[in-house]
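Spelled out, the chains give:
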Amino acid sequence: MKPVIGTVVSNKMQKSVVVAVDRLFHNKLYNRYVKRTSKFMAHDEKNACNIGDQVKLDPSRPLSKNKNWIVAEIIKKARIYSPQAAAAAALSFSSAKAPSESSVPPVSSS
């Protein structure tokens, strides 16, 4: 088997992740491309993967009943939502926007 690239959809287990791998194939009857998704369980030794990460999986010997893959590398980390960072960004956005609104003269209705 060859290495595959997919997206982490679950990391709730210890040292294991579930990765969704998409593949496209051509349907000759309808002359369209069809997308199919396969979900693989993979071994993540350092628990470094989060949901949404793009990872490369390498095949390995069976590690458990369902685990036959190892996370070789994290290609792209997902952006993780944190309430503190979102509040700080909103505060800085509103403070940066406030002076520009005051520079606009008020419209007279006469």
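Given the structure is predicted, the values throughout are model-derived calculations rather than measurements. For every chain, the first residue of its written sequence is number 1, and the numbers climb from 1 along that sequence. Local features in a predicted model are, by the rule used here, given only for residues with pLDDT of at least 70; side-chain atom pairs are given and counted only at 80 or more, and totals for whole chains, interfaces and linings are based on all residues. To obtain the side-chain values, all non-hydrogen atoms of the structure were used and water was disregarded.

Here we look at unusual backbone geometry
Worth spelling out the cut-off: Secondary structure elements follow DSSP: runs of H or I of four or more residues count as helices, runs of E of two or more count as strands, with numbering from the N terminus. To sort residues, take the accessible area from a 1.4 Å probe on protein chains only and compare it with the maximum for the residue type: under 20% means buried, over 50% means exposed, and anything in between is partly exposed.
Its identity is not glycine, yet Lys15 carries a phi of approximately 60 degrees, on the positive side. The residue Lys15 is located in the loop between strand 1 (4-13) and strand 2 (16-27) in this model. Since its relative accessible area comes to 35%, Lys15 is described here as partly exposed. Its identity is not glycine, yet Asn31 carries a phi of approximately 55 degrees, on the positive side. Tracing the sequence through the fold places Asn31 in the loop between strand 2 and strand 3 (32-43).

Some remarks on the pairing of strand 3
What counts is decided by this rule: Strands are labelled as partners when DSSP assigns at least two bridges between them.
The sheet contact formed by strand 2 and strand 3 spans twelve bridges and is antiparallel. Following the sheet pairing, Phe25 is matched in strand 3 by Val34. Linking strand 2 back to strand 3 in an antiparallel pair, the connection comprises four residues, with Asn31 at a positive phi of about 55 degrees. Pairing of strand 3 with strand 5 (residues 67-76) involves three bridges; the strand directions are parallel. Paired with Ala42 across the bridge in strand 5 is Trp69.

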